[in-house]
Amino acid sequence: MSVSVLTAPAPTPTPGPTRRPRPVGSRWSMLVMASPPVLLVIVFVGVPIVIGIAYTFGYTGGLNSVATSLSVSVHSAVGWGPTFDAYRSVFADSRFRGDLGVTLWVTAITVAVTVVLAWAVALHARLTGGRLGRVLSGVAVIPLFIPIVIGAYAIRKFYLNTGFLVSVGKQLGVTLPAWSYHTSGIVIGETWASLPFAVLLISSGLSAVPDALIDAARDAGASRARAVWSVMLPMTTVPTVIVATFTGVSVMGSFTIPYLIGPTAPTMLGVTLQQTYAAYQRPQNAQVMAVVLFALAAGIGALYIWANARASRSTAVAA
Amino acid sequence: MRSSTVLAVAVAASLLTVSACSSTSTASSASPGSSSAAVSAGSSSAAVSAAGAPMSGCPSSAAADTFTFSSDGDVNVQNLWQQTLLPAFKKACPQFTVNFVFDIHSANANLNVSKIAAADKVGQAPPIDVADDSVAEAAAQAGLTQKITAAQVPAISEVNPAALARFDSAALPYRGSSVLLAYDSTKVANPPKTLKDLLAWIIANPGQFTYNDPSSGGSGGSFVETVLDSYVSAADLTKMQSGYTPALESQWAQGFTTLKGLTPSIYQKVYPNGNQAVLDLLGKGEISMAPVWSDQFLAAKGQGQLGAEYKVTQIADPSFTGGAAYLAIIKGSKHAAAGAAFIQWLLQPQQQGEIVKSIAGFPAISMTKLPTAEQTAFGGVDVQNLRPGVSSKMGADMQSQWAAKVPG
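First things first, this report covers the structure right here in the doc.

What counts, and where the lines are drawn
Residues numbered from 1 in each chain as written. Chains lettered and ligands numbered in written order. Predicted model: local features only at pLDDT ≥ 70, side-chain atom pairs only at ≥ 80, totals over all residues. Heavy atoms only, no water. Helix = DSSP H or I, 4+ residues; strand = E, 2+ residues; numbered from the N terminus. Contact = heavy atoms within 4.5 Å. Areas by Shrake-Rupley, 256 points an atom, 1.4 Å probe, with all protein chains shown as cover. Lys, Arg positive; Asp, Glu negative; His and termini not counted. Charge placed at Lys NZ, Arg CZ, Asp CG, Glu CD. Buried < 20%, exposed > 50% of the residue type's maximum accessible area, 1.4 Å probe, protein only. Expected span 1.5 Å × (residues − 1). Pairing = 2+ DSSP bridges. Phe/Tyr/Trp six-rings, centres within 6.5 Å; stacked < 30°, edge-to-face > 60°.

A closer look at the overall build of chain A
When you go through chain A residue by residue, the secondary structure sums to 14 helices and zero strands. In sequence order, chain A lays out its α and β elements as α-α-α-α-α-α-α-α-α-α-α-α-α-α. For chain A, the C-alpha atoms occupy an extent of roughly 80 × 75 × 30 Å along the three principal directions. Across chain A, contacts joining residues at least 24 apart in sequence account for 72% of those joining residues at least 6 apart. Summing over all exposed atoms, chain A offers an accessible surface of approximately 16,900 Å²; the carbon and sulfur share of this is 71%. Side chains of chain A carry 19 positive and 7 negative charges; the gap between the two charge centres is 6 Å.

Set out below in C-alpha cells:
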C-alpha cells in the first residue's frame, strides 16, 4: 500500500535578458548531483512497481517466483502475452466491488467534510481572530500529535454501545446510535485524522490574503460573505485543492482506521488488500487491488497537477 | 505556486528517506552479525554466568556461536522471549549470542518466509537461523526447514508425538494453547456443553456472542473451523489437516450456511479484528460469551482485565481446535548446532514451567515433568490432546470464503 506523491512539474523558466549561456561542464555536474535521488526512486520505487504490475498481468516467474511459490492461487500468463485473469477474478468477486464502493464513498465524504470543517475553523480564526478562533484551530491540530492507532482505538471505545456518547445519551433519555464498527465510524476517524493538516494549510492560505484586499472589498460595500466568496475563496483555491487531493489519497489507502473502527464487511480496500495478501495468501490478487488503488490515486494526483498548473498560469498572468 | 511544489517535493523526499531507512534496517536486523537487535551483549555474559545460572545449565557443549532467532505474534509472546526466556538463556549458555527479531502480530510473516525461500533459491545463508510460530510453520510446510534428530535435540522424545508428527520433525513443538469458550458466569448459568448447544444458545441470545474475523486471529478462526468441521467426515478432515486439497472444500458449504445464519444474532453483526478485540468486548460486558485463546484469557484474568466472574469451558462434538507453537531450524543455516542447543534448552522442565507461569501457555512436555508449582496450573484441562486445525493453505481458503459468505 504505497501512496505515491506526485509532484507538479516545475514551471519552465522564462529566459531573462541577463541570462548567460552556462558552460557544458556545469550542466554535467548538475546531472550528477541530481542523479542520486533519481536513481533511488528508480531502484527502490520504480523497479518494484514495474515488477508488481507485471505480476498482476501473469508474469509470475523470475523475480516474482518466490511470491508465486508461497501463494494459494496465481494466474500465470501462457507465452509472452499478458493475461487479465487475475483482474477478472478480482472484479468478479462481489466482496471486492462492495469494498471498492465503500472506499470511494468514504473518501468522497471524508474529503468534503474535512474541507468544510477546515474552512470553517480557519475562516473563523482569520475573520474574528478572537480567543475562540485560536482555541478551535489549536484543538483541530491536536490529532497531529496522537499516533493514529491510539486515536483509532479511543474513537472505537468512545462510540461503542457502552461508550461515552451512548451512555450520556441514555442518561438524558435519548438513544444515540453506536458508530463503532460502522462505516460512519470510519468517516469520523478519517476526518479526525485529516483535519490538522487541512486546518494548517487552509489557515496559512487564508492568512496570505492581504487585509487590504478584504478591507477594499468591504469599503466598496461588499458584505462579509461576499468578501469571503469573491476575494478569499479564489485566493485560497490552491491550498484547498492540495488539502482535498492529499486527504483523498491518504484516506483511500488507509488501513488502521477502517481496520480498528470499521465493520467486518463491506470495509475499505486497505483492509481487504492486507487480508488478501497475508491471511488469504493471494499476493497476486492483493497486487491487483493495489494497482486499482494506484490508478485512483494517480487520478487524484492528476487533479492536483492540473490545479498547480492552473495556479502558476494565473499568477503569471497576474504578474 | 512555488511553495506547494516545494512542499510536495519535501513530502516525496521524506517518504523516500523513510522507505530507504526501513529497507536498510530490515536488512541489518536480519543479518546475523548486526549488534542492534542483539539481546546479549557478549562481553557481560561471561561475568553473569560466573555468578551462577539460576534456571538450568546449558545442555550443549557446542562451540560459541551467534544466531538469528525470529519470533512473531502478540505482545505476550514478545514479553515471554524478551523479558523471561532469552535473558535466562543468556545466563545458562553464555557462549551463544541471540539476535532476536520480533514481528508484532505476524504482520511480516509472509515477507520473512519469502526471504528464506529466496535465500534458499540462490543458495545463500538464510536471514533467519531459528524461527518461531508462523514463520516456522510456513517454512516447514514449504520444505524450508531442517529435520531435527534425537542426536541434535535429545528432548525430542519428551514431546507429544502427535504434535511432532504434524511436520514430521521438520519443526518442534515447544508450547501450546487451545481455544476455549469464555463466558460471564453472572449472565450464563449453564454454559453450552456441545457445539450444537452453543449454536442454539447464540440464536436464543441475540447480540450476546461474537468471534473475531478468522483472518485476524486464531480464536475466531477456531470457531469457524469447528463449525465447518462438524459437517466434514473424519477421513477428509485428516487430509485437510495435513495437506492442501481444494477439492474437499465443497464440504464446507453447509457449515458456511450455518455461520451465515448466525450473523443476525451476532453482536452488532460485527466480527471484530483480532483476538484481543473480542476479549475487550467481553471484559466491557458488551457480550457475555465468546471463543478465546486459553493463554490470552488466563493472562487477561491475571492482569485484572477480566474479573473473577469470567470462566472458561471446552465444548465437545467437536471441540475447539488448539495446537502447538513450533520452532524450526531453517534450511541452509550455518548455526544449526547453536539453534539445536537453544531448542534443547527450551524443552527442559524449568523453561517449560516458565512458559506456563508467564503466559499460561501449555507445556510441550508432559505436565508431570514440570516443576511441582506448575503441575496443577490448568486444573485438569487436557493440555496434550488438542484437536489440530487445518493446514495453513486450507486455512487461507477458509478465511477467504468466510469473508465472502458470512459477514454483511
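Following the structure, the description resumes.
Quick look at helix α11 (residues 275-283) of chain B
Among the nine residues in α11 of chain B, seven count as buried, and that is most of the element. Of the surrounding secondary structure, the elements contacted by the buried residues of α11 of chain B are α6 (148-158) of chain A together with β4 (172-184), α8 (218-229), β5 (289-293), α12 (294-302) and β6 (310-313) of chain B. G285 of chain B lies just past α11 of chain B and shows a positive phi near 80°.

Re the environment of A244 of chain A
Residues and elements named next belong to chain A. By secondary structure assignment, the location of A244 is in helix α11 (residues 237-252). Taking the C-alpha atoms as reference points, A244 and T191, 53 residues apart in sequence, are found 12 Å from one another. A244 has contacts with V111 and V115, leaving out every residue within four places of it along the chain.

With respect to helix α15 (residues 392-405) of chain B
Compared with the 20 Å implied by 1.5 Å per residue over 14 residues, the 20 Å span of α15 of chain B between its first and last C-alpha is a close match. Those residues of α15 of chain B not exposed but buried are M394, G395, A396, D397, M398, Q399, S400, Q401, W402 and A403 of chain B. Those residues of α15 of chain B that are buried lie in contact with α4 (94-127) and α13 (269-279) of chain A together with α8, α9 (234-242) and α10 (253-262) of chain B.

Here's the deal with the pairing of β5 of chain B
Residue and element names in this part refer to chain B. Among the five residues in β5, five count as buried, and that is most of the element. Looking at chain direction, β4 and β5 are connected through five bridges and run antiparallel. If you follow A182 over to β5, its bridge partner there is A290.

Digging into the packing of aromatic side chains
Residues and elements named next belong to chain B. Evaluated as defined, the whole model comprises 28 aromatic pairs over all chains. Measuring from ring centre to ring centre gives 5.2 Å for F209 and F223, while their planes differ by 50°; the resulting arrangement is tilted. Here F209, found in the loop between α7 (195-204) and α8, pairs with F223, found in helix α8; they are 14 residues apart in sequence, far enough to count as distant. For F209, a relative accessible area of 0% corresponds to the buried category. According to the relative accessible area criterion, F223 is buried, its value standing at 0%. Their ring planes at 85° and their centres at 5.0 Å tell us that Y271 and W402 sit as a pair that is edge-to-face. Placement of the pair is Y271 in the loop between α10 and α11 and W402 in helix α15, with a sequence separation of 131 residues. Summarising the burial analysis for this pair, Y271 and W402 share the class buried. Aromatic rings pair up to connect F67, F69, W81, F89, F96, F100, F102, Y174, F342 and W345 into one cluster.

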